Amino acid sequence: MSNSRNKGLAIKDLKVEYKSGQLALGQVDLSLPEHGIYTIIGPSGSGKSTLLRAIAGLLPSYQGQILFNEKSVHEKETLIGLVPQNYGLLPWKTVHDNIQIAMKITHTASSSKQERETQIKQWLSSMGISDLAERYPLSLSGGQQQRVAIARAFAILPTILLLDEPFSALDAITRETLQVLFLENWMANPTTTLFVTHDVEEAILLGQKIIVMPSNKETTPEIIDNHLVFHMKHEDKRDSVDFFEQTKRIRKVMQEIW
Ligand SMILES: Nc1ncnc2c1ncn2[C@@H]1O[C@H](COP(=O)(O)OP(=O)(O)OP(=O)(O)O)[C@@H](O)[C@H]1O
């Protein structure tokens, strides 16, 4: 019988080889509770995107098991929202229609048009992009496209949310603003979330645990608890002793396994 310990995402003995026969992702064993958010950092090529792709069902094959609440993650009832590195927006659809079509495909949209429009407005407003609704993705800056992609991912109310460096290529201030917006949205809709970043500070600011991927595919990832920092008020995190200590701890692990 299922109990709360088995709830959430369970990744067991996951290994991925692409056609070339080269190992893209070494052995990953990981469990993430329902309503948990973990961040992932790792050197380039360590398999972070491959891990997200395997969970999202975008790989033709892998070894091991990926389960959500003890069932294959690829069952219909598990809805996965992915924000890929290139945002994945449809260039021929407006911002509004990008969100609307995702809601339609995933059957998240309410039956009434008015309710659906209210939901779209709410998601656009929550990411601070209400004024961009009728624009096309290619007319937007990278940061604006990232906001749209995140609004769309939240709007489908996914069971699992996967984000692949969603705030890369943003200036430091915009990045900090988006981190706060993202966390507020996540707190209001705490879906099971994996968030890949190259930024150690971002990993500490956003994750309940931090997964540090090794460069050697034969070594298993290091998983670092981050509850102390996670539960602080966001504005207090950066200046806290715990944040400083955590940064030191993670840098040490990086030196050992990168
Ligand atoms: N489609 C593919 N075919 C063959 N090999 C691939 C493919 N995609 C990725 N790889 C290889 O798999 C390994 C892991 O790649 P992946 O993109 O998952 O790394 P990453 O940690 O996300 O890197 P980055 O931080 O640079 O985005 C790399 O060695 C990469 O060259």
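Fair warning: this is a prediction, and the values are worked out from it, not measured in the lab.

Novice: Would you mind going over the pairing of strand E7 (residues 160-164) with me for this structure?
Specialist: Working note: regular strand, side chains alternate between the two faces of the sheet. Buried residues dominate E7, accounting for five of its five residues. Residues Ile160, Leu162 and Asp164 point to one face of E7 and Leu161 and Leu163 to the other, with burial holding for every one of them. Relative to E7, strand E6 (residues 80-83) runs parallel, the two sharing four bridges. Among the inter-strand pairings, Gly81 is bridged to a residue of E7, identified as Leu161.

Novice: Would you explain the pattern of salt bridges in this entry?
Specialist: A side chain of one charge can pair with a side chain of the opposite charge when the charged atoms of the two come close. Applying the stated criterion across every chain, the model contains six salt bridges. Two residues, Glu77 and Lys71, come together in a salt bridge whose shortest N-O distance is 2.7 Å. The residue Arg238 makes a salt bridge to Glu201 at a minimum N-O spacing of 2.6 Å. Within this pair, whereas Arg238 is found in the loop between helix H8 (234-237) and helix H9 (241-257), its partner Glu201 is found in helix H6 (residues 200-206), the two being separated by 37 residues in sequence.

Novice: Just to check I follow, could you spell out helix H2 (residues 95-105) for this structure?
Specialist: An α-helix turns once per 3.6 residues; consequently, residues spaced three or four apart project the same way. Taken together, the buried positions of H2 are Val95, His96, Asn98, Ile99, Gln100, Ala102 and Met103. Those residues of H2 that are buried lie in contact with helix H3 (113-126) and helix H4 (142-155). Where H2 terminates, the next one or two residues include His107, which has phi positive at roughly 60 degrees.

Novice: Explain empty space enclosed by the protein to me, please; I cannot follow it from the model alone.
Specialist: A probe matching the size of a water molecule, rolled over the atoms, marks out where space remains unfilled. Counting across every chain of the model gives one cavity of 30 Å³ or more. Approximately 50 Å³ is the volume found for the largest cavity. Residue lining of the largest cavity: Leu25, Gly26, Gln27, Val28, Ser46, Met213, Pro214, Asn216, Lys217, Thr219 and Pro221, and that is the complete set. In the lining of the largest cavity, the residues fall into five nonpolar, five polar and one charged.

Novice: Please explain the sheet that holds strand E1 (residues 9-17) as it appears in this structure.
Specialist: Strand-to-strand pairing in sheets goes through backbone hydrogen bonds, with the strands running parallel or antiparallel. Spatially, four strands are ordered E2-E1-E4-E5 in an open sheet, and the strand pairing comes out antiparallel. Every interior strand has two partners, whereas the edge strands, strand E2 (23-32) and strand E5 (71-72), have only one. Across six bridges, E1 lies against E2 in antiparallel orientation. From the neighbouring strand, Leu14 faces E2, where its bridge partner is Val28.

Novice: What am I meant to see in unusual backbone geometry here?
Specialist: Backbone phi values are negative for most residues with the exception of glycine, while trans is the configuration of most peptide bonds. Phi at His35 takes a positive value of approximately 65 degrees, unusual for a residue other than glycine. On the secondary structure map, His35 appears in the loop between E2 and strand E3 (37-41). Relative accessible area serves as the criterion here: at 49%, His35 is assigned to the partly exposed category. A positive phi is found at Glu165, a non-glycine position, where the angle reads about 50 degrees. In this structure, Glu165 sits in the loop between E7 and helix H5 (172-188).

Novice: Please clarify how the site of the ligand should be interpreted in this entry.
Specialist: Close to the ligand lie 14 residues; Ser44, Gly45, Lys48, Ser49 and Thr50 are nearest. Within the backbone of Gly45, one N or O atom sits 2.9 Å away from an oxygen atom of the ligand. Residue His198 places a side-chain N or O atom 3.0 Å away from an oxygen atom belonging to the ligand. Isolated, the ligand exposes 640 Å² of accessible area, and the fraction of that covered by the protein chains is 63%. With four residues, the top contributor of residues to the shell around the ligand is helix H1 (residues 48-56).

Conventions we followed
Residue positions are given per chain, counting from 1 as you read along its sequence in written order. pLDDT decides what is reported in this predicted model: residues at 70 or higher carry local features, side-chain atom pairs at 80 or more are listed and counted, and totals for whole chains, interfaces and linings draw on all residues regardless. Excluded from the side-chain calculations are hydrogens and water; all other atoms, namely the structure's heavy atoms, are used. Each residue's exposure class comes from its accessible area (1.4 Å probe, protein chains only) as a fraction of the maximum for that residue type: buried when under 20%, exposed when over 50%, partly exposed otherwise. Helix and strand definitions follow DSSP, with helices as H or I runs of at least four residues and strands as E runs of at least two, each counted in order from the N terminus. When DSSP finds at least two bridges between two strands, those strands are taken to pair. Here, a salt bridge means any side-chain nitrogen of Lys or Arg that lies within 4 Å of a carboxyl oxygen of Asp or Glu. Every residue pair with non-hydrogen atoms within 4.5 Å of one another is taken to be in contact. Within this scheme a cavity is a closed region of a 1 Å grid, computed over the protein atoms alone, that accommodates a 1.4 Å probe without allowing it to escape, whereas a pocket is open but has protein on both sides within 12 Å along at least five of seven lines; lining residues each have an atom within 4 Å of a point. Grid points are joined across faces, edges and corners, and a volume is the space filled by probe spheres set on the points. Side-chain classes are defined by residue name, with Ala, Val, Leu, Ile, Met, Phe, Trp, Tyr, Cys and Pro counting as nonpolar, Asp, Glu, Lys and Arg as charged, and the others, Gly among them, as polar. We call a residue near a given molecule or strand whenever any one of its heavy atoms falls within 4 Å of it. Within 3.5 Å is the distance limit for a polar contact, defined as a pair of N or O atoms, with the added protein rule that one can donate a hydrogen and the other accept it, and that residues adjacent in sequence qualify only through two side-chain atoms. In short, Shrake-Rupley with a 1.4 Å probe defines the accessible areas, and a residue's cover is counted only from the protein chains shown.

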